[in-house]
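Spelled out, the chains give:
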Amino acid sequence: MKRLFYFAAVIMTFLLGITCLSSCLNNDDDVDVVKNIIMEVDSHPCEVYPFGWDITTPIPGMKIKEENSKEWQNEPQSAIDGFTFEPGYFYTLKVKKTILANPPADSGNVRYQLIKILKKEKDESYYNL
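> Talk me through the overall build of the protein chain; I want residue IDs and the actual numbers.
A count of helical and extended segments in the protein chain gives 2 helices and 6 strands. Along the protein chain, helices (α) and strands (β) appear in the sequence α-β-β-β-β-β-β-α when read from the amino end. For the protein chain, restricting intrachain contacts to residue pairs at least 6 apart in sequence, the fraction spanning at least 24 positions comes to 60%.

The following block contains the structure:
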């Protein structure tokens, strides 16, 4: 009878260990989400106050809007890897958006990388100010 008890204890410990390991390995929360999106960039620059910086020290920014969004958001001009913002032009971009599962503590959880400039259009009103 003692043998059966020890055998059952060993089996239960083994199954518990396998369950714990498999739950750690299959954690979908620790996976970056990557998708290609279309984004618009406004012709007028703005100022951005990055997280963690003194609010009296703005940096040059740009206004972006993702497809299917009604809200413009201010982002640093360096927010899209491979893209150089030129004031006075409207842009339509195809970008790779990565939502980081484990972002660094000192930055945001979204990264953009330019795939292609779909349209670059001069804003005449920008130059007539």
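Let's pick the thread back up.
> Lay out the side chain of Lys-97 with the relevant residues and their values.
By secondary structure assignment, the location of Lys-97 is in strand β5 (residues 89–99). At 3.1 Å, the side chain of Lys-97 and the side chain of Glu-66 are in polar contact. Setting aside its immediate chain neighbours within four residues, Lys-97 contacts Val-33, Val-34, Lys-35, Ile-37, Glu-66, Val-110, Arg-111 and Tyr-112.

> Explain the pairing of strand β3 (residues 73–76) to me, and be specific about the residues and the numbers.
As defined by bridge partners, strand β2 (residues 59–66) adjoins β3 across 4 bridges and the pair is classed as antiparallel. Among the inter-strand pairings, Ile-64 is bridged to a residue of β3, identified as Gln-73. Joining the antiparallel neighbours β2 and β3 is a turn of 6 residues, in which Asn-68 adopts a positive phi near 65 degrees.

> Quick one: what's the story with the packing of aromatic side chains, residue by residue and with numbers?
Scanning the entire structure with this criterion turns up 1 aromatic pair. Pairing Phe-83 with Tyr-91 gives two aromatic rings, centres 4.9 Å apart and planes at 90 degrees, and the pair type is edge-to-face. With a relative accessible area of 6%, Phe-83 lands in the buried category. The ring of Tyr-89 is capped by Lys-120, whose NZ or CZ atom sits 4.6 Å from the centre of that ring.

> I'd love a proper account of the pattern of salt bridges, names of residues and values included.
A side chain of one charge can pair with a side chain of the opposite charge when the charged atoms of the two come close. Counted under the stated rule, the structure contains 3 salt bridges. Two residues, Glu-66 and Lys-97, come together in a salt bridge whose shortest N-O distance is 3.1 Å. One end of the pair, Glu-66, is in strand β2; the other, Lys-97, is in strand β5, and 31 residues separate them in sequence. Accessibility assignment for this pair places Glu-66 and Lys-97 in one class, buried.

How each quantity is defined
Residues numbered from 1 in each chain as written. Predicted model: local features only at pLDDT ≥ 70, side-chain atom pairs only at ≥ 80, totals over all residues. Heavy atoms only, no water. Helix = DSSP H or I, 4+ residues; strand = E, 2+ residues; numbered from the N terminus. Contact = heavy atoms within 4.5 Å. Polar contact = N/O pair within 3.5 Å; in protein donor to acceptor, adjacent residues only side chain to side chain. Pairing = 2+ DSSP bridges. Phe/Tyr/Trp six-rings, centres within 6.5 Å; stacked < 30°, edge-to-face > 60°. Buried < 20%, exposed > 50% of the residue type's maximum accessible area, 1.4 Å probe, protein only. Lys NZ or Arg CZ within 6 Å of the ring centre and 35° of its normal. Salt bridge = Lys/Arg side-chain N within 4 Å of Asp/Glu carboxyl O.

By themselves, these observations are geometric and do not establish any function.
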